[in-house]
Amino acid sequence: GKKDAEKDTKNTEQTDQIVSEDDAKKDDGSLEEQAEPQQGGSVIVGITQELDSLDPYLAAAAGTKEVIYNFFDGLVKLMPDGTFEPALAESFNFSDDATEFTFKIRTGVKFHNDTELTIDDVVYSLQRAAGMLPDSKAALIPQLAIIESVSGDAEAGTVTVKLKESDADFITYMTLAIIPQDYTEQAQKPIGTGPFIFTEYKTQQHLKMKRNADYWRDRTAYLDEVTFMIVSDADAAIMDLQEGNFDIFPYLTMDKAELLKDKYDFIAADSNMVQIWGLNNQRAPFDDPVVRKALNMAVDKQMLIDAVTFGEGRALESGMAPPMQDYYNADLASQYNPEEAKKMLEEAGYQDLKIEITVPGDYVIHVQTAEVLAAQLEQIGVTAEVKTVDWGTWLSDVYMGRNYDSTVIALTFDYVAPATVLRHYYSKSDNNFINFVNTEFDELYESALSETDHAKRVELYHQMQKILQDDAASVFLQNPGTQTAVIKTLGGYTTYPQYVQDMYTVYYK
Amino acid sequence: MQNDLTKSEYILKVEHLKVVSAQGAELVRDVSLKIKPGEIVGLVGESGSGKSISTMAIAGILPEGISIAQGNIFFKGQDITRITAQDRCKINGNQLGIIYQDASQSLNPLIRIGKQIDEVLKIHTNLNPKERRNRVYGTMRAVNLSDVEKLAKRYPHELSGGQRQRVLIAMAIINNPELLIADEPTTALDVSVQAQIIELIKLINFSRKTSVLYISHDFSTVKKLCDRVYVLYQGIPVEVGATTQIIMQPQHMYTKLLLESIPTPEKRGQHLMIMRARTKDYRGSATNCLFAERCPKVFERCRQELPDMYEMCDGHQAACFLLDK
Amino acid sequence: MARYILQKAGQMLITLLLIVFIVFIMFELIPGNPARIMLGMNASQEQITALELELGINEPLPLKIKNYFAGLIQGDLGRSIRFDKPVGELIGAAAPTTFSLAIYAFILIIVLSVPLALLAARKQGSFFDNSIRFVTETTLAIPPFFMAIILMLIFRTTQLGLSSGQGNLASPGFLRQFLMPALAIALSRVAMAMEFLRDAIIEQKRMFYTRAAVGKGATKSRILFFHIFRNSLVPFVTVLGLILAEVFGGSIIIEQVFLLPGLGRLLVTAVEARDFPLTQGIIILIAIVVIVVNFLVDLINQFIDPRIRLSDVKSEKSNLWTQLSYKLKFRKDIKR
Amino acid sequence: MRFKRKDKNNQISFAPDVQRAYYRASSINKGAKIQFRIGFVLLAIPLVLFLINIFYRPYDTTSMNMSERFVTPDSKHWFGTDNYGRDIFTRVMSGLPLTIIISIGINLIGCSSGLLIGALSGYYGGTVDYWGNRISDALLSIPAILMGMLFVATFGNGIWQVIVALGIMFIPSYMRVIRSGFLEYRQRNFVKRLQLLGASSGRIIWRHLFPQIRTRLMSAIALGFANAILAESSLSFLGLGVPPSQITWGRMLKDAQGFLFQAPWSAIAPGLMIVTLVLGSFFISNGLKQISQQRSLA
Amino acid sequence: MSEKFHNILEINNIYASYSASLHKLEYVLKDLSLTMKPGECLGLVGKSGSGKTTLANLITGFIKPISGKILFRGQEVQDLSLRQRIRQFNCGIQMVFQDPYSSFNPKMTIGKQLMEPLLIRKSLSESEIETKARHMLEQVGLSADYFLRYPHQLSGGQLQRVALGCALIVEPCLLIADEPVSSLDVSVQAQVLDLIIDLRKEFKFSCLFISHDLAVIYHLCDTIAVLNQGSIVEQGNVEKVFRNPQNLYTKQLISDAGYSFSK
Ligand SMILES: Nc1ncnc2c1ncn2[C@@H]1O[C@H](COP(=O)(O)OP(=O)(O)OP(=O)(O)O)[C@@H](O)[C@H]1O
Ligand SMILES: Nc1ncnc2c1ncn2[C@@H]1O[C@H](COP(=O)(O)OP(=O)(O)OP(=O)(O)O)[C@@H](O)[C@H]1O
Ligand SMILES: [Mg+2]
Ligand SMILES: [Mg+2]
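Residues numbered from 1 in each chain as written. Chains lettered and ligands numbered in written order. Predicted model: local features only at pLDDT ≥ 70, side-chain atom pairs only at ≥ 80, totals over all residues. Heavy atoms only, no water.

**Overview of the domain arrangement of chain C**
Often the size quoted for an interface is simply the accessible area lost on bringing the parts together. Residue and element names in this part refer to chain C. What the domain assignment lists for chain C is domain 1 (1–87) and domain 2 (90–305). Centre-to-centre separation of domain 1 and domain 2, based on C-alpha positions: 32 Å. Residue-level contacts link 28 residues of domain 1 with 22 residues of domain 2. Sorting the residues of the side of domain 1 that touches domain 2 by element identifies α1 (2–29), α2 (34–39) and α4 (61–73) as the ones contributing at least two each. Per-class residue counts for the side of domain 1 that touches domain 2 are 21 nonpolar, 3 polar and 4 charged. (Domains from an automatic or database assignment. Contact = heavy atoms within 4.5 Å. Helix = DSSP H or I, 4+ residues; strand = E, 2+ residues; numbered from the N terminus. Nonpolar A, V, L, I, M, F, W, Y, C, P; charged D, E, K, R; others polar.)

Here it is as structure tokens:
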């Protein structure tokens, strides 16, 4: 018990340290920002995923979204601190029950094809995304399926959205890209109002964009040209990084930082990931809460973070990630206690427990995590067999088919909406792949959805997290930090609680 | 040229030739033979007696790992056993023409035969292409090939066995060599072609005064062609003499038996064989008469000593102790 | 000749059909839903159903096959699921890189293996022969991706320099840029090509007609180039054809390591995304390349060695159809 | 070897015609012997390591030690440690059996199916041969990755999936070797003679033709053994190899790739092992090839 | 042997071809007819490529004629497959080939190969078969120590003798010998010819002896058939034909071979 407490304090200390380090870095950043930003220049950004459709509503891959982000603006813009600022909407307001939202649309904004942004464009965009156009089959953005109607008022310059039911998170979805009406080539040559204009895309090679000289904000982007180079993975690109051929390279692990620190600054960002060891709650032996608890106690998360993310991660005790700001319940204590775990298992009659951990082999971090877990479990006498499957198979067999023992995966969220994370534990959800059933949790979840009062919502979410820990829904591992390498001559690289590569703020020092 | 000829009486003189393989086996033990200008000499012996190996030794084309261990070969008075590759190139194909035993293996399968015949001229003469072509066609006609323009453009596999053999002959004689070695040119051909080729060699010998070393294991053709015959047994000549002498009065037991095993009309339906079959191939050096194990008249001495050549009458010699009376 | 081409075309068609079916069946067996893969974990069931409808991937197999062939006949390879682009266009963009690289590597293989083979064959079993073979076999023994990485490390090649180039033979600086990947492909195969040529030369040296050429009075160099070399080409060309077909199909690993936008990498992406039309398209292309290269090898070999007959008529002998037609034909002959 | 039939007094007891082949063969034979010797020495190295490993294992292969990660090779850790602080030397030693089992399995499948198809199409020719060739053409055109993915995706990644997937990919090459051998020998007169005697096709194929190609096949198997090791490592590189809890050299090499700059030694040990084993098999295959060549002369 | 048939072999108007293409059908054998009496030894001569081997293959059933009839022991066999013929006639036809080396499985001992024909038929026990095989080895004039040798340890003549043994061990009624002595040198050829004469006395089989060497044919055969350009141009008693050839081609052939029967 004592040991635990010690460890605990250590952990919190460490997290604190990290936070303070982060702060320091941000301070550094702001110091550097005082160094005069230069106008002009071009940069090369390395990305590790093939792009799919460039249409902002059809693009499914996260890797695509973070790139095409630069072509578009939403009605609101997510800020680095997780708040929202008006963008194409000069202002907005919503009804108390969060069912009706009204946006005042900015005037004088031009699309890349020189046509002016109109109310119709906004209405069209929302309707298309919500699947309300006559020829659409379903909502292209599922979160927008709750829209009941969209109406524009050209006189007033406003657009009003009515929802079928209340959704307090709705505003977060309004970062949705606004596109020109009736432009059909969005998938090949995307057009938006954003700070960069699409110029060229070659599959398997690169996507190029140039500065939008007509940008509506008070300044245009600093950079003249940005090239996103597609590489298969960071390991394969290491040589180029050493030579300084990339200007920006996101999603590196800390061990790479050691190698590259001469040429690059490393900017740490919280990822929007919750890495969990998902236990199939309906499968023996995980249907027994004792086993789940014991496994929770058996995992040394800090060691795991050291081994896999080279210390750049935050141990989690529940299903919410720190980047969710207030919603994150930081008060939950670590449960690490392998001796106790062993005892619990023995008492419950589980001897020589053999389990299987199915992981998507494409994700090295999960595979390594599983390996470390297996090594840790060995100490409490549990034999874990790591089985890797490819991503497509994982999705259909594990995630959709729910046909597995346990798995290591990271839950991500496209919007900074706490519900999108905890949805995975809501028993009626499609995404509850761990088959977690807890009526209390379900009730809390449902009420949080319609709650508009911030403080109350925070409270509800904190309670939900507590339930997840108490009931040991799964083993919550870490919020892996990612490192972005930015070449020393560049400044202004900003991270957001959402996956985007915002080139608007980047400049040559 | 004239000088060379006057220098030696023989165009080819082989003295105590011994050819061994890398493993030390003696393929040719002790061969001596002489050929006068204009003479046709036969070399007869059973399969494996070292006929072809002797030929290769003369031409300097012994296969890898096989070498001359002893003896000399004088070609027009010059010892050609140890000459440089360049000197060899001057003799081969120019003064010495060879018809190889297996025609299908002696022609490069990927080169048109016209070109292959032409190659000899290309190497040894400096005629222009047109002259060369005429000569190639001329020679091809001389060896009784018809439709030569078309034939010259064919590949070896497109010819019949007889035609191939003739191409080889054409190749061997195109440069008017002074010595022609014909290594079993007629085995594997049918009777009518065989007869034609024998006639052809006769003709060449007659018209160009070319000396011929004719190699065969078959007495019937030797009888028609040769002036003198050497009978070879296991790498050693056992009998030499004029063809008629040898056929009419063979002295060595081997020759006698060999002649008896040829089917003739008189022996129809009867047993041919009196000679015991050979069971072992002995490749060590000879210390006794090698025919002893098969000889019906073998006696003690045969098993102990190696017989010398005993001369009967002018030029007829045989290596048999029975003659040492 | 025309007959031969027709026969080959028939074979090609059958092989292609077989391949298309195999791939269809494979995709039926492999779990994974392209719509789900594209949309990721956060998508809802409705969204996936909508996309499936859009892509038409939930049709029953016979209908799918039927539609595919209907398209194929019109030369339409379909639309890639993953890239949302016509398959033809994607392959068209990736093939030049792979093909140029293949040709480059191919030339390297020839340039390296021919002199080595000639040197090694000069004296079989000599120290030189043995050491050349030891070195080349070692290159063959190193796993291809490891070899590529080692090459990169040794020569400190960066990939960006490569992939930023246009990546085909026509572009300037191609030879320098693509040297490393081409070398990585070539090195392991040089051993194979060399070994075949060396063995063939040694075999030819033993042939009697080579010695017969000495008997004609030909010089050493003449024999080597006029008689031996040409005759050893048949096995060499055959193995080169095999190699060419193999590298034309896209070296997945080399493209992965050197980040080249070629067919191999495209194939990996396609399979991972369960992008059926794209996979099918690439494999059809690879199959065509394999078959066409085989055809070329036959043609060249026949040119080198006239003994090789293009159409192997004998093997058809036992065909029942020919047997029957003999009889028919024979009746006619008799009547005449 | 077979051809040592020369007794003391230099008597060789077979016919002159065959002797020619003998002489040619015996010069090659020397080369074959050297090849065998080198091959066995190379194969012995990993084998000895494995034997040592059975009796003496300096470190545990699985337990992780974060304080000793990326230790450079020294007297304690001969080949250094990996990203989890596991001793690479120990892991390399214990990686041998699985590597070999996989390789043997792959060849077992490839060879047995190749034997079946190749023997039938080589012996019967005609229509059987035509379809045999089409199947092998089709298999040749399908990339190994697709096959690997089919099995790994359908059945998860495990040892036998790798074995079956690669085994199928190995069929065409075996088929070709066997088919060409059967084509060559079925034209021999002894086959005709047996047919006249009423021997069944099975008997001719198995009892008479198969022994003819045995050496050739063994050479192909030795080569296939080496290639299977390489193929397994390539599949591992693409993430389709054996699961991470299993140790094979291919898997180790792939894992080391991510840390190539921090810890190049972690790639060197498994890399070297693969090279030794593969090279050893190559040499043995070459030796066998020479012997089969000299046999076919006889 | 019940003599229901007059001729052991009767070939009527046979056509045969190797070419697969209908458009250029080239006949190797054209309208060929031949008869053979039981117990007779028929010598078949002809130039190289005239179709001798093709005829042999037709009789054994390796290839099928395009038209025409083949009667073996009075029964039509041209449409029967090799397998059917064997079932019907029980190895009635056996063959000895020109090249002795390719006639043997190089990986099997001589003894095993002599036993193989009987093993295939499984009519006797293994030990009986072995005694039979050893006896046959003796009959072809080879000592018992050859039983355990491999083919490459035997000379061509010896192999040819074993080949005869292999063919005769199943007691065929027709033996086809396709140039069995052409590749042997004179003294060895004599041994094999002697053996055939002896064996014919003992086993009383009919023999189709193919050769291009007229001397051998004359030595061995009762009747002769001359094959030219795919058909038989002359057939008859050896003595008669040699002394008084009717056909022009036969005349040419005999004079080329240097046969002069001045008597
Ligand atoms: N390339 C070779 N290497 C080793 N030994 C050989 C070679 N060629 C022939 N021999 C051996 O040399 C001996 C003599 O062979 P050679 O070819 O001279 O016989 P030959 O008299 O020409 O026979 P044939 O009548 O069959 O042509 C034989 O014992 C043979 O086995
Ligand atoms: N398998 C085959 N395919 C095609 N043509 C063949 C085949 N076998 C033989 N021929 C052709 O058929 C003709 C007769 O051949 P066959 O072998 O019967 O002649 P042969 O009289 O036995 O000749 P040889 O005396 O050389 O043995 C020849 O022109 C030959 O080219
Ligand atoms: Mg000879
Ligand atoms: Mg024949």
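Picking up after the structure, the text goes on.
**Points about the interface of chain C and chain A**
Counting from both sides, the interface comprises 47 residues of chain C and, opposite them, 52 residues of chain A. Between chain C and chain A lies a buried interface of about 4,000 Å² when both sides are counted; carbon and sulfur atoms form 53% of it. Linking chain C with chain A are 2 salt bridges, by the criterion used here. Close ionic contact of Arg274(C) with Asp390(A) constitutes a salt bridge, the shortest N to O distance being 2.7 Å. Taken together, the links from chain C to chain A amount to 9 residue pairs in polar contact (both at pLDDT 80 or more). Counting residues per element, the ones that place at least two in the side of chain C that touches chain A are α2, α3 (45–55), α5 (87–122), α7 (144–155), α8 (160–163), α14 (252–258) and α15 (263–272) of chain C. The greatest single-element share of the side of chain C that touches chain A, amounting to 7 residues, is contributed by α3(C). Of the residues in the side of chain C that touches chain A, the class split is 20 nonpolar, 16 polar and 11 charged. (Buried area = accessible area lost by both parts, 1.4 Å probe. Salt bridge = Lys/Arg side-chain N within 4 Å of Asp/Glu carboxyl O. Polar contact = N/O pair within 3.5 Å; in protein donor to acceptor, adjacent residues only side chain to side chain.)

**Observations regarding the sheet that holds strand β7 (residues 158–163) of chain A**
All names here are of chain A. Ordered by their spatial adjacency, 4 strands build an open sheet running β4-β5-β7-β6, and the pairing between neighbours is antiparallel. What marks the edges here is a single partner per strand, and that holds for β4 (89–94) and β6 (147–153). Across the sheet, the mean angle from the axis of one strand to that of its neighbour is 15°, orientation sign disregarded. Contacts between helix α3 (residues 119–129) and the sheet are confined to β5 (100–105), β6 and β7, with β6 contributing the most and set at about 170° to the helix. (Pairing = 2+ DSSP bridges. Axes fitted to C-alpha atoms, helices over the stretch in contact; angles between N-to-C directions.)

**As for the confidence of the model for chain C**
Residues and elements named next belong to chain C. When pLDDT is averaged along chain C, the result is 80; 86% of the residues meet or exceed 70. For chain C, per-element mean pLDDT is lowest for helix α17 (residues 320–335), which scores 46, and highest for α5, which scores 90. Here residues 311–327 is a poorly scored stretch, pLDDT under 50, and it has 20 contacts once near neighbours within four places are set aside; other chains count. This model gives residues 329–336 a pLDDT under 50, and the stretch forms 9 contacts once residues within four places in sequence are excluded. (pLDDT = per-residue confidence, 0-100.)

**What to know about the pattern of salt bridges**
If you walk through the whole model with that rule in mind, you get 53 salt bridges over all chains. Put simply, Lys85(C) and Glu89(C) hold a salt bridge, and the shortest N to O gap is 4.0 Å. Accessibility expressed as a relative area gives 14% for Lys85(C), which makes it buried. The shortest N-O distance in the salt bridge between Asp129(D) and Arg179(D) comes to 2.6 Å. Highlighted residues: Asp129(D) in helix α4 (residues 126–141) and Arg179(D) in helix α6 (residues 159–186), separated in sequence by 50 residues. For the pair Asp129(D) and Arg179(D), one class covers both residues: buried. Connected through salt bridges with shared partners, the residues Glu371(A), Asp82(D), Arg86(D) and Arg91(D) form a single ionic network. (Buried < 20%, exposed > 50% of the residue type's maximum accessible area, 1.4 Å probe, protein only.)

**A word on the coordination of the magnesium ion (ligand 3)**
Listed as protein donors to the magnesium ion (ligand 3) are Ser52(B) (OG) and Gln101(B) (OE1); their distances from the metal cover 1.8 to 2.2 Å. A residue pair is termed long-range when its members are at least 10 positions apart, and Ser52(B) in helix α2 (residues 51–59) and Gln101(B) in the loop between β6 (96–99) and α4 (103–106) qualify at 49 residues. (Donors = N, O, S within 2.8 Å, 3.2 Å for Na, K, Ca; no water.)

**Thoughts on the arrangement of the chains**
There are 8 pairs of chains in contact here, and the one with the most contacts is chains A and C. As for chain E relative to chain A, no contact occurs, and the smallest C-alpha gap between them is 49 Å.

**What about the interface of chain E and chain D?**
On the chain D side, the residues contacting the 35 residues of chain E number 27 residues. Interface area, chain E with chain D, both sides summed: about 2,900 Å², of which 57% is carbon and sulfur. It is Lys107(E), Ile120(E) and His152(E) that lose the most area in chain E upon contact with chain D, and together they represent 23% of the buried surface on that side. For the pair chain E and chain D, the number of links is 2 salt bridges. Notably, a salt bridge pairs Glu116(E) with Arg203(D), separated by 2.7 Å at the nearest N-O pair. Counting across the chain E and chain D interface gives 11 residue pairs in polar contact (both at pLDDT 80 or more). Among the secondary structure elements, those contributing two or more residues to the side of chain E that touches chain D are α1 (52–60), α2 (82–89), β6 (93–96), α3 (110–121) and α5 (156–168) of chain E. Tallying contributions element by element places α3(E) first for the side of chain E that touches chain D, with 6 residues. A breakdown of the residues in the side of chain E that touches chain D according to their chemical character gives 18 nonpolar, 11 polar and 6 charged.

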